[in-house]
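Close look at the chain arrangement
One letter stands for each residue in the lines below.
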Amino acid sequence: MTAKRDNQSEKELLKELEIRAGVFNEGINADPSLFHNLDFKNEYLEQIHACFFNNHISYADSLPQAFRSPNGYRFAFAFDPASRFNIVKEEEKFYLREAKEYLFEIKFEHKPKYYNKITTNGKFMGTIAQYVGSSKISIAYSNECALLEKNMDCRFCNINETKAKYAEKQNIEWKNAGEIAETVGAAYNEGCTHLTVTGGFIPERREVDYYIDVAETIQDYTGMQDFGGTACIGAPQDLSVIERYKEAGYSRIATNMEIWDKNLFKYICPGKDAMCGGYDNWVNTLRHEVEVFGKGNVRSYFVAGLETKDTLLEGVDELSSFGVVAVPQMWMPKPGSALAEHRAPTTEWFIDLMHRSYKILVRNGITHEQFYNSTNDEGRFFDYLYDLDGDTLENIADYRIYV
């Protein structure tokens, strides 16, 4: 742990973080023709829509996945022609502006070399596992959710819409264990160290068997027993299966509550409520996961903005008090979801929520390393707050590998 920065530099960094929150919340207004000359094939990271797409409108042309601010913060690119934030290009440099005020020069995220490598069965590895910053990759094994046919989709989710719009262009289909293992091996050879396996809702028994197959195949292919893996699963009705994920080789596990308010959970997540033993079983699952995997090795995301701030903070406090890395994610109304035409809270609402949630995580003993290991991308507001407080991941070497 290092000393805190001086007040002036901390103030400047916090301002940059607040701009980042605004950009995510409100999207970016940019003429797509600005990016036509970016070398997405070889140099820059292009959007590949895995579980979801985060553009505020559907858009089929090539867009950048992310960019970085002068201090290295990772900004997700979400296209929205109505946003007050915009990108302009001048003399071969790109700048982020708020309306007409220049904020700073930006650098687009570089593309990992493994993206252009081909699996044995002929697929580009970049469509198998997406680089999400901080030496992490995310694997969406399936871009469909069985809850659709039951009319029980989570109301904030557009996973099925993502497959409908982008399946043909971006190889959105079921991914087998062999191609996943090959891709993990290639990404880890470039310096990646953590992966999350996630996807849509599938029957419990099929989910367990699939995740075990993936873990064992990665171990056989790479020779690593500990491959830094997180299994993102639904709450099982048979809690004894949690041990099987640990035995298979996953270091961490994730079960996303999404909503803390019990009544709202049933309405927003009808399938999670009906098919996974109800609200109480989700909480009991998280408790049992901590018993199996240990404090700080269990993660649960909340979709922040769908319930009151105080209720959500209660959930963050309750879960983190017994060792869960409980993380509010900024809700972005996603095209194709049941809540697509709704509005998210203000950027200021989210910023206040993040600061208060961070204080709760720290008070309950969740360290930056636990947070880093358990979350599935770089750029969570909390990552940077931990950094500002001096908890700098000193033991994780060079974790921003494509800057």
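Here goes a summary of the coordinates provided. (Residues numbered from 1 in each chain as written. Predicted model: local features only at pLDDT ≥ 70, side-chain atom pairs only at ≥ 80, totals over all residues. Heavy atoms only, no water.)

**Some remarks on the pairing of strand β9 (residues 229-232)**
- The alternating pattern of β9 places G229 and A231 on one face and T230 and C232 on the opposite face, and all of these are buried.
- Summarising the sheet, strand β8 (residues 194-198) and β9 pair through 3 bridges and their orientation is parallel. Pairing of V197 across the sheet is with A231, part of β9.
- Bridge analysis of β9 against strand β10 (residues 252-254) gives 3 bridges, and the strand direction is parallel. Following the sheet pairing, A231 is matched in β10 by I253.
- On the question of chirality, the crossover connecting β9 to the parallel β10 by way of helix α5 (residues 242-248) is right-handed. (Buried < 20%, exposed > 50% of the residue type's maximum accessible area, 1.4 Å probe, protein only. Helix = DSSP H or I, 4+ residues; strand = E, 2+ residues; numbered from the N terminus. Pairing = 2+ DSSP bridges. Right-handed = clockwise from strand over helix to strand, strands pointing away.)

**With respect to the packing of aromatic side chains**
- According to the stated counting rule, one finds 28 aromatic pairs in the structure shown.
- Centre to centre, the rings of Y141 and W174 are 5.3 Å apart; their planes meet at 65°, and the pair counts as edge-to-face. On the criterion of sequence distance, the pair formed by Y141 in the loop between β7 (136-140) and α2 (159-170) and W174 in the loop between α2 and α3 (177-189) is long-range, its members being 33 residues apart.
- Aromatic rings pair up to connect F35, Y44, F67, F75, F77, F94, F104 and F108 into one cluster.
- A cation over an aromatic ring shows up here: K136 above the ring of Y372, its NZ or CZ 4.4 Å from the ring centre.
- Cation over ring: R299 sits above Y301, and NZ or CZ is 4.0 Å from the ring centre. (Phe/Tyr/Trp six-rings, centres within 6.5 Å; stacked < 30°, edge-to-face > 60°. Lys NZ or Arg CZ within 6 Å of the ring centre and 35° of its normal.)

**Let's talk about the environment of G278**
- Mapped onto the elements of the fold, G278 is located in the loop between α7 (270-275) and α8 (279-293).
- Owing to a relative accessible area of 10%, G278 belongs among the buried residues under this scheme.
- Measuring from C-alpha to C-alpha, the distance between G278 and F265 comes to 9.2 Å, with 13 residues separating the pair along the chain.
- What G278 contacts, discounting residues up to four positions off in sequence, is K272 and D273. (Contact = heavy atoms within 4.5 Å.)

**Some thoughts on helix α12 (residues 381-388)**
- A large share of α12 lies buried, amounting to 8 of its 8 residues.
- Just downstream of α12 lies G390, where phi reads positive at about 95°.

**A few points about the packing of helix α10 (residues 347-363) against α12**
- Viewed as axis vectors pointing N to C, α10 and α12 meet at an angle of 65°, and their least axial separation amounts to 10 Å. Relative to α12, the crossing made by α10 is right-handed. Across the interface between the two elements, M354, H355, S357, Y358, L361 and V362 from α10 touch F381, F382, L385 and Y386 from α12.
- A class-by-class count of the residues in the contact of α10 with α12 yields 8 nonpolar, 2 polar and no charged. (Axes fitted to C-alpha atoms, helices over the stretch in contact; angles between N-to-C directions. Left-handed = near helix turned anticlockwise from the far one by under 90°. Nonpolar A, V, L, I, M, F, W, Y, C, P; charged D, E, K, R; others polar.)

**Topic: the pattern of salt bridges**
- Summed over all chains, the structure comprises 16 salt bridges.
- We note a salt bridge from R74 to E109, for which the minimum N-O separation is 2.7 Å. Of this pair, R74 sits in strand β2 (residues 74-76) while E109 sits in the loop between β5 (101-108) and β6 (130-131); the two residues are 35 residues apart in sequence, bridging distant segments of the chain. Here R74 matches E109 in class, with each residue buried.
- Between K262 and D280 there is a salt bridge whose closest N-O contact spans 3.2 Å. Residue K262 is located in helix α6 (residues 262-268), and its partner D280 is located in helix α8; the two are separated by 18 residues in the primary sequence. (Salt bridge = Lys/Arg side-chain N within 4 Å of Asp/Glu carboxyl O.)

**Observations regarding unusual backbone geometry**
- Even without a glycine there, the phi angle at E91 is positive, about 50°.
- Assessed through its relative accessible area of 77%, E91 is described here as exposed.
- Located in the positive-phi region is E258, a residue other than glycine, with phi close to 75°.
- Turning to its location among the elements, E258 is positioned in the loop between β10 and α6.

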